[in-house]
Amino acid sequence: MEQVLEFFVQGDYQAVVTALAGRGDLGTREAALLGISLLRLGQYVDAEPVLRRAHLLGDLEARVEYGNLLRATGRYDEAVSLLSELESIPDDELRFRALRWRGVAEFQRGHAREGLELCERAWHGYIKLSDDVRIAKLSQNLALMHKSFGNFARAEQLLDEAVRALETVGDQDALVTSLHTQLELQMSRGRLDAARATLTRAKPLLQHVPAYRSLYFLTSEAALAENEGAYERHITLVREILTRASTIGDREVLLWATVKLAEHHARLGDYAQAMRLVYQFPLQPGETLPVELRVVRGVIHRRRGTYRQAITELSGAVDVLKERGDALGLTRAQLQLAYAYHLDHQTQETAVVLRETLESLLRLHTQSALRPELEELSELLQYASLEPDLAPYLEPIMENLAGMASEGGASSDQIRLQIYTFGRVAVYRDGEEAHFTLRGSVPLLVYLMLRPGRTRVEMQLDLYPDKDATSSANYIRQAIKELRDRLGQEVVVFDGPHHQPRYRLGPRVRVDLDLVRFLDAVEHGEVARALAVYRGEFLPGMDDSEWVLTKRDEAQLALAFELRNQIARYREEGEWRRVILLSNQYLRIDPYEREVHQHRVEAARAVASAAELARYVAQMNALDN
């Protein structure tokens with residue numbers, strides 16, 4: 001027993017398990033040591049019967065850690081009930097430990113402020129005991145809680161203190177946990193280089209910690225891959241995490257992976273599989289669906305076009321998240337709810353929810369954690385930019401949208417291409433960006449989508465009519481080869497006579513082209529959606545192609561025409577603030593249009609401040625210089 005106890009004190013939990021597992025004559029304390037060791041190794045299924053026996057036989061530490069096990073396996077109500085009974089036990093350290101796990105359980109079941117209060121009580125208790133190691137361990141719990149409230153400065157301070165203390169004492173298990181929390185915080189602040197450095201720093205330590213701790217780092221690595229634009233890598237890791245979390249029985253990680261994979265299938269339009277994942281998540285008897293999955297379910301309905309169901313689902317989730325005090329989760333859900341209202345043409349409700357959401361975004365001081373939502377919902381934010389009551393909140397947020405990478409996903413049946421041509425030239429296959437050496441490869445890909453079934457001669461006459469026939473023919477041939485090499489042989493196919501084949505995109509290819517979305521928005525008079533897509537001129541840098549230049553002019557003229565129509569409409573209605581906002585958008589496209597400058601000055605005389613009016617007058621007068 002003395003040697004087993006020594007193993008336990010040293011943190012060599014595997015040695016404790018090796019010494020005690022399989023013995024049928026375990027005493028109460030031995031059973032407690034075995035159960036706690038199994039718990040610390042992440043072997044929850046094996047730990048439960050042993051810990052329960054020791055707890056029922058009266059071992060106080062086993063009782064506390066059995067409550068922790070209930071928490072770790074998602075039985076939060078049971079955990080809180082058991083740990084609440086330990087409020088007055090005589091052992092100070094165990095009493096504070098029970099407070100800690102009860103606080104974490106309260107936080108995880110949605111009682112965020114109560115959880116934070118309990119953990120702070122435990123933290124102050126450990127300070128009185130001068131227990132630096134446990135202070136450091138609890139600091140990372142507190143940091144996570146402060147992060148959820150948007151208190152990033154406090155979270156960073158707690159983590160810095162924890163990491164320094166744990167490096168000094170050499171507690172690798174606790175150090176890894178704190179580094180993981182630090183990595184999560186860095187990602188939420190958009191500090192991806194720092195997050196990658198923390199991940200690199202922690203990886204050598206993972207071989208010395210239980211499997212479930214390394215699983216936490218795998219979730220962070222997957223999230224980091226998503227933020228860096230490596231979407232295929234992200235989804236591969238999520239699938240691995242889902243499998244490992246199911247095996248270990250870690251409910252929190254399982255929920256995270258389920259949300260991510262369901263969202264992935266929803267993006268691909270595979271709504272049945274997305275819903276299947278939501279409903280396959282294991283629930284305790286009498287338990288309702290976690291709010292994170294309710295948000296996913298709402299997003300699935302929104303993507304399917306069943307907006308009223310999406311609104312009902314997301315409204316309920318928002319109420320729960322408000323009560324929970326989860327600032328980041330609430331803002332994410334509110335963005336989705338505002339978009340559902342917008343798509344359902346409920347203008348008043350959109351404005352109310354979106355204003356509250358924009359205020360929350362500004363208070364969070366971090367749009368990086370909401371990067372996927374901000375990118376996907378850029379149409380909603382452009383709508384806000386044209387609303388006088390919402391536009392003032394938007395400028396600092398819109399700056400963070402610039403240069404955001406595409407979302408995407410893989411499908412075994414289809415090849416999904418996303419092509420960006422306004423303000424930048426980029427192609428993504430199944431979420432991974434493809435890079436080309438020939439400047440004409442992407443224009444050719446766009447051309448083949450819009451004009452399938454063309455011969456090489458027809459392509460060169462349309463794209464490069466002024467070039468030498470031989471050189472342009474060779475260039476087209478090289479571009480076709482590069483498209484097939486970089487995107488897959490099946491992306492560009494041909495049929496017809498051998499001497500004059502006709503080229504088109506393959507039957508499995510599905511293309512999301514920003515030009516098509518832009519023209520659809522203009523056709524339906526949806527200026528906000530058109531502006532969200534129009535990030536600059538069509539295929540910038542391709543000035544030697546007649547076809548490109550024609551498409552560029554057509555797009556600019558179509559947007560300018562619709563903006564002029566809207567400006568004229570709001571001038572007639574006397575909505576001068578909208579006239580100013582629309583004129584600002586127009587002058588981004590064509591800054592030399594005097595008539596629009598005049599309309600803006602006219603509107604500013606009616607509603608703007610003296611300083612704003614002076615600025616617009618100066619910009620108009622500068623046209624004469």
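Note that the structure is a prediction, hence the values are computed from the model and not measured.

It is worth spelling out the overall build of the chain at this point. Helix and strand counts for the chain come out as 32 helices and six strands. Structurally, the chain occupies a C-alpha span of about 90 × 70 × 45 Å along its principal axes. The buried share among the 625 residues of the chain stands at 55%. Taking the intrachain contacts of the chain between residues at least 6 apart in sequence as the baseline, contacts between residues at least 24 apart amount to 59%. Summing over all exposed atoms, the chain offers an accessible surface of approximately 27800 Å²; the carbon and sulfur share of this is 49%. Of the side-chain charges in the chain, 77 are positive and 92 negative, and the distance between the mean point of each set is 2 Å.

This paragraph deals with the pattern of salt bridges. A complete count under the given rule lists 51 salt bridges for this structure. Residue D512 is joined to R517 by a salt bridge in which the shortest nitrogen-to-oxygen separation is 2.8 Å. R569 is the partner of E573 in a salt bridge, and the nearest nitrogen-oxygen pair spans 3.5 Å. Here E573 pairs with R569, and both are found in helix α29 (residues 546–573), just four residues apart, close to one helical turn. The class for R569 is partly exposed, based on a relative accessible area of 41%.

Moving on, we come to the sheet that holds strand β2 (residues 426–429). If you walk across this open sheet you meet the four strands as β3-β2-β1-β6, and the pairing is mixed. Only two strands of the sheet have a single neighbouring strand rather than two, namely β3 (432–434) and β6 (509–513). The average angle at which neighbouring strand axes cross in this sheet is 30°, direction not considered.

Before going further, it helps to examine helix α13 (residues 211–227). Because an α-helix completes one turn every 3.6 residues, residues spaced three or four positions apart along the sequence face the same direction. Compared with an ideal rise of 1.5 Å per residue, which puts 17 residues at 24 Å, α13 spans 25 Å between its outermost C-alpha atoms and is within 8% of the ideal. The buried fraction of α13 is high, at 15 of 17 residues. Once α13 finishes, G229 follows within two positions and takes phi at roughly 90°, a positive value.

L444, L445, L487 and F518 are the most contacted members of the largest nonpolar core, which has 96 residues in total. The dominant element in this core, judged by the number of residues it contributes, is helix α19 (residues 327–343), at 10 residues. Filtering out sequence-adjacent residues up to four positions away, L444 remains in contact with M459, L463, I476, A479, I480 and L483. Core analysis: the second largest hydrophobic core is formed by 58 residues, V4, L82, A105 and Y212 among them.

One non-glycine residue, H345, adopts positive backbone phi at about 60°. Positionally, H345 belongs in the loop between α19 and α20 (347–364). Residue classification places H345 among the exposed positions, given a relative accessible area of 68%. Although it is not a glycine, L539 sits at a positive phi angle of roughly 45°. Here L539 shows up in the loop between α28 (527–533) and α29. Exposure remark for L539: the relative accessible area of 0% places this residue in the buried category.

What follows covers the pairing of strand β5 (residues 502–505). Across the two faces of β5 the burial differs, with Y503 and L505 buried and R502 and R504 not buried at all. In terms of strand pairing, strand β4 (residues 492–495) meets β5 through four bridges, oriented antiparallel. Pairing of D495 across the sheet is with R502, part of β5.

In the contact formed by helix α17 (residues 291–304) and helix α18 (residues 307–324), the axes pass within 8 Å of each other and the chain directions differ by 155°. Comparing their axes, α18 and α17 come out roughly antiparallel. Where α17 crosses over α18, the handedness of that crossing is left-handed. Here α17 contributes V291, E292, R294, V295, R297, G298, H301 and R302 to the contact with α18, which in turn contributes Y307, Q309, A310, E313, L314, G316, A317, V320, L321 and R324. Residue classes in the contact of α17 with α18 are distributed as eight nonpolar, four polar and six charged.

A few words on the packing of helix α1 (residues 2–10) against helix α2 (residues 13–20). Remark: α1 packs on α2, axes separated minimally by 7 Å, with the N-to-C direction vectors making an angle of 155°. Here α2 runs roughly antiparallel to α1, going by the angle between their axes. Crossing of α1 over α2 shows left-handed handedness. Residues V4, F7 and F8 of α1 form the contact with α2, whose own contacting residues are Y13, A15, V16, A19 and L20. Its residues placed into classes, the contact of α1 with α2 shows eight nonpolar, no polar and no charged.

Our next topic: the packing of aromatic side chains. Per the counting criterion, the structure on display carries 11 aromatic pairs. Centre to centre, the rings of Y420 and Y428 are 6.0 Å apart; their planes meet at 90°, and the pair counts as edge-to-face. For Y428, a relative accessible area of 5% translates into the label buried. Here the aromatic cluster, defined as three or more aromatic residues joined through ring pairs, consists of F422, Y447, F518, Y534, F538 and W547. In this structure, R424 packs its charged tip against the face of Y420, placed 4.3 Å from the ring centre. The lysine or arginine in question, K467, covers the ring of Y475, its NZ or CZ lying 4.8 Å from the ring centre.

Let's shift gears to the side chain of Q108. Residue placement: Q108 occurs in helix α7 (residues 92–108). A polar atom in the side chain of Q108 sits 2.7 Å from the side chain of E252. When neighbours within four sequence positions are excluded, Q108 is seen to be in contact with R71, Y76 and E252.

On average, residues of the chain score 86 in pLDDT, and 95% of them are at 70 or above. Taken element by element, the predicted model of the chain shows its lowest mean pLDDT in helix α23 (residues 391–398) (67) and its highest in helix α31 (residues 594–607) (94). In this model residues 400–412 is a low-confidence stretch, pLDDT under 50, and it forms 38 contacts with partners more than four residues away in sequence or in other chains.

For the rest of this paragraph, the subject is the environment of R276. Considering the arrangement of structural elements, one finds R276 in helix α16 (residues 271–280). Between the C-alpha atom of R276 and that of A262, which follows or precedes it by 14 residues, the distance is 8.3 Å.

Before going further, it helps to spend a moment on helix α27 (residues 514–523). For α27, every residue scored as buried is listed here: D514, L515, F518, A521 and V522. For α27, the angular spread of the buried residues around the axis is 125°, confining them to a single face. Residue G525 follows α27 closely and has a positive phi angle near 70°.

As a further point, take the environment of G298. Relative to the elements of secondary structure, G298 occurs in helix α17. With sequence-adjacent residues up to four places away left out, G298 is seen in contact with A310, E313 and L314.

Criteria and cut-off values
Residues numbered from 1 in each chain as written. Predicted model: local features only at pLDDT ≥ 70, side-chain atom pairs only at ≥ 80, totals over all residues. Heavy atoms only, no water. Helix = DSSP H or I, 4+ residues; strand = E, 2+ residues; numbered from the N terminus. Buried < 20%, exposed > 50% of the residue type's maximum accessible area, 1.4 Å probe, protein only. Contact = heavy atoms within 4.5 Å. Areas by Shrake-Rupley, 256 points an atom, 1.4 Å probe, with all protein chains shown as cover. Lys, Arg positive; Asp, Glu negative; His and termini not counted. Charge placed at Lys NZ, Arg CZ, Asp CG, Glu CD. Salt bridge = Lys/Arg side-chain N within 4 Å of Asp/Glu carboxyl O. Pairing = 2+ DSSP bridges. Axes fitted to C-alpha atoms, helices over the stretch in contact; angles between N-to-C directions. Expected span 1.5 Å × (residues − 1). Core = buried A, V, L, I, M, F, W, Y, C linked by side-chain atoms within 4.5 Å. Parallel < 35°, antiparallel > 145°, perpendicular 65-115°, else oblique. Left-handed = near helix turned anticlockwise from the far one by under 90°. Nonpolar A, V, L, I, M, F, W, Y, C, P; charged D, E, K, R; others polar. Phe/Tyr/Trp six-rings, centres within 6.5 Å; stacked < 30°, edge-to-face > 60°. Lys NZ or Arg CZ within 6 Å of the ring centre and 35° of its normal. Polar contact = N/O pair within 3.5 Å; in protein donor to acceptor, adjacent residues only side chain to side chain. pLDDT = per-residue confidence, 0-100. Arc of directions from axis to C-beta.

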